[in-house]
Amino acid sequence: MASGLNKKNRSELAKAGLRQTIQREQVFDNLKERSTPVTVGDIHKELFGKQIHMDLSTVYRVLEALEKHGLARRIVIENENSAYYEYTGCGHRHYLVCLGCKKIVSIEKCPVKAYEKDLSKKTDFIIEGHSLMLYGYCPECSRKLRKT
Ligand SMILES: [Zn+2]
Ligand SMILES: [Zn+2]
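The model shown is predicted, which means the values in this text are computed figures rather than measured ones. (Residues numbered from 1 in each chain as written. Chains lettered and ligands numbered in written order. Predicted model: local features only at pLDDT ≥ 70, side-chain atom pairs only at ≥ 80, totals over all residues. Heavy atoms only, no water.)

**Remarks on the coordination of the zinc ion (ligand 1)**
Next up, step 1: Looking at the zinc ion (ligand 1), the protein donor atoms are Cys98 (SG), Cys101 (SG), Cys138 (SG) and Cys141 (SG), and they sit 2.2 to 2.3 Å from it.
Next up, step 2: Linear spacing of the donor residues for the zinc ion (ligand 1) on their chain is C-x2-C-x36-C-x2-C. Pair noted here: Cys101 is in the loop between strand S4 (94–98) and strand S5 (104–107) and Cys141 is in helix H6 (residues 139–147), with a separation of 40 residues, a long-range link.
Next up, step 3: Classification of Cys141 by relative accessible area gives buried; the value is 9%. (Donors = N, O, S within 2.8 Å, 3.2 Å for Na, K, Ca; no water. Helix = DSSP H or I, 4+ residues; strand = E, 2+ residues; numbered from the N terminus. Buried < 20%, exposed > 50% of the residue type's maximum accessible area, 1.4 Å probe, protein only.)

Written as structure tokens, this is what we have:
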């Protein structure tokens, strides 16, 4: 029964202190395949397309558990009800968010590191991290905007 399961994932879930279930592995696998943050609905839809039938609430619960154990990062976007998730193993990131279609593009290069150091020196704050999100319109949406 366990033969089809991804060994690397299993140990990653176990290391994070999560009991391994097939559903957790399927959601975690899917999250890791993504290059951009996704919603619960996105993962649900893609699993469904792969003949993996799971309730939306189950996907949600799994992502919550992954987040709690440090394997997923929850990204909150202004004026957007659905939360987005990303695999934490992909490292520190910033995001470009399209206000039209809600598409999110990850930016790997961090423009704030030097500023963080400088600010820490000036304010005596021990800075533990930061987040930065840029909002705008993607090429498709800005093309549509120009037309109307
Ligand atoms: Zn867009
Ligand atoms: Zn950064």
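**Details of the coordination of the zinc ion (ligand 2)**
Next up, step 1: On the protein side, the zinc ion (ligand 2) has His92 (NE2), His94 (NE2), Cys110 (SG) and His130 (NE2) as donor atoms, found 2.0 to 2.2 Å from it.
Next up, step 2: In primary-sequence terms, the residues that donate to the zinc ion (ligand 2) follow H-x1-H-x15-C-x19-H. You can see His94 sitting in strand S4 and its partner Cys110 sitting in the loop between S5 and helix H5 (113–123), a full 16 residues away along the chain. Here His94 and Cys110 have matching classes, each one buried.

**A look at the nonpolar core**
Next up, step 1: In this structure, Val27, Leu31, Ile43, Leu63 and Leu66 are the most contacted members of the largest nonpolar core, which totals 22 residues.
Next up, step 2: Ile75, Ile77, Tyr84 and Val97 belong to the second-largest nonpolar core, a separate cluster that totals 6 residues. (Core = buried A, V, L, I, M, F, W, Y, C linked by side-chain atoms within 4.5 Å.)

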